[in-house]
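Summary of the model geometry
Residues per chain are reported as follows:
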Amino acid sequence: MSVATLLMLAAEGGGVLDIIFAGGVTGLAIVLVLLALSMVALALAVEHLLTIRRDVLMPPGLAERVAKLLSQRDLQGAAAACDQQPSFLAHIIRHSLVEAADGWPAIEKALEGATAEQAARLFRKIEYLSVIGNIAPMIGLLGTVVGMIFAFQEVADTQGAARAAELAGGIYQALVTTVGGLLVAIPSLAAFAVFRNRVDGLVSDAAATALRALRPLKRPAA
């Protein structure tokens, strides 16, 4: 069946909804799964846009406040400042302050460990977009295979005498699920790449900011 024939059948059927329903119960179920995945991916993307931001991960003024308190050797005040503004930056500074009594090398090591831990948490958070982006095409491929099975089954049942209109249901299902899977996968993987780069940049900035805030501890007490 040519593309022109498919487009003509779609137009005669009444539009996109008829194309979707033409795949039968199986095709509709796969399309609904893809629709659910697309909504989950959209919700995740919106949530990440709101939470993976510089102002959220590194509250303005926190590093300067901590640096000022540490220059006064007020470790408890610096820890309290971090507790008052829970965030990525606050966590890694707070974790580093625990090792302040053991000297600067211990502080640096604690900072590296806390940064790696929090970075891994952020990467796990955005990993769901990658999972959706990889699963969606597979689900679409499943629909394609099922649709083609139905189409060839119709050919077998009619001993090769099936007309194009009788095969349309299976071919509809195959095409719709394939396109649906790609429509879900492409934006999901693109969003994952964007957030992965954003996390990389923010983690590096947070580590450098924390190091500057902790710098007063590198100087020996007077």
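From a predicted model like this one, the values you see are computed outputs, not experimental measurements.

Packing of helix H6 (residues 75–84) against helix H7 (residues 88–97) leaves a shortest axis separation of 9 Å and a crossing angle of 155 degrees. Taken together, H6 and H7 sit at an angle that is classed as roughly antiparallel. Here H6 and H7 pass one another in a crossing that is left-handed. Packed against H6, whose contacting residues are Leu75, Ala78, Ala79, Cys82 and Asp83, the element H7 presents Ala90, Ile93, Arg94 and Leu97 at the interface. Residue composition of the contact of H6 with H7, by class: 7 nonpolar, no polar and 2 charged.

Core analysis: the biggest nonpolar cluster contains 48 residues, and Val66, Leu89, Ile92, Ile93, Leu97, Leu214 and Leu217 have the highest contact counts within it. Every element with two or more residues in this core is listed here: helix H3 (24–51), helix H5 (62–71), H6, H7, helix H8 (104–157) and helix H9 (164–214).

Our focus in this paragraph is the side chain of Ser130. With respect to the secondary-structure elements, Ser130 resides in helix H8. Assessed through its relative accessible area of 9%, Ser130 is described here as buried. Excluding residues within four positions of it along the chain, Ser130 makes contact with Leu189 and Phe192.

Turning to H5, its buried residues number three or more, namely Leu62, Ala63, Val66, Leu69 and Leu70. Down the axis of H5, the buried set is contained in an arc of 130 degrees. They therefore lie on one face. In H5, the exposed positions that point more than 90 degrees away from the buried face belong to Glu64 and Lys68. The first or second residue beyond H5 is Arg73, which carries a positive phi of 60 degrees.

Within the structure shown, the criterion is met by 3 salt bridges. The partner of Lys125 in a salt bridge is Glu47, with the nearest N and O atoms 3.2 Å apart. Highlighted residues: Lys125 in helix H8 and Glu47 in helix H3, separated in sequence by 78 residues. By relative accessible area, which is 23% here, Lys125 ends up partly exposed. Overall, the relative accessible area of 31% leaves Glu47 in the partly exposed class. Here Asp83 ties to Arg94 by a salt bridge, and the two come within 3.2 Å at their closest N and O atoms. Here the residue Asp83 occupies a position in helix H6, and Arg94 occupies one in helix H7, the gap between them amounting to 11 residues. A relative accessible area of 48% means that Asp83 is categorised as partly exposed. Arg94 sits in the partly exposed class, given a relative accessible area of 32%.

Further remarks concern the environment of Phe195. Relative to the helices and strands, Phe195 is located in helix H9. Sequence separation between Phe195 and Leu129 is 66 residues; the distance between their C-alpha atoms is 9.5 Å. Contact partners of Phe195, with chain neighbours within four places excluded, come to Ala45, His48, Leu49, Ile126 and Leu129.

A word on the confidence of the model for the protein chain. For the protein chain, the mean per-residue pLDDT works out to 83, and 77% of the residues sit at or above 70. Across the protein chain, H7 holds the top mean pLDDT of 95, while helix H1 (residues 3–13) sits lowest at 42. Low pLDDT, under 50, characterises residues 1–14; the predicted model gives this stretch 13 contacts beyond four residues in sequence or across chains.

Conventions we followed
Residues numbered from 1 in each chain as written. Predicted model: local features only at pLDDT ≥ 70, side-chain atom pairs only at ≥ 80, totals over all residues. Heavy atoms only, no water. Axes fitted to C-alpha atoms, helices over the stretch in contact; angles between N-to-C directions. Helix = DSSP H or I, 4+ residues; strand = E, 2+ residues; numbered from the N terminus. Parallel < 35°, antiparallel > 145°, perpendicular 65-115°, else oblique. Left-handed = near helix turned anticlockwise from the far one by under 90°. Contact = heavy atoms within 4.5 Å. Nonpolar A, V, L, I, M, F, W, Y, C, P; charged D, E, K, R; others polar. Core = buried A, V, L, I, M, F, W, Y, C linked by side-chain atoms within 4.5 Å. Buried < 20%, exposed > 50% of the residue type's maximum accessible area, 1.4 Å probe, protein only. Arc of directions from axis to C-beta. Salt bridge = Lys/Arg side-chain N within 4 Å of Asp/Glu carboxyl O. pLDDT = per-residue confidence, 0-100.

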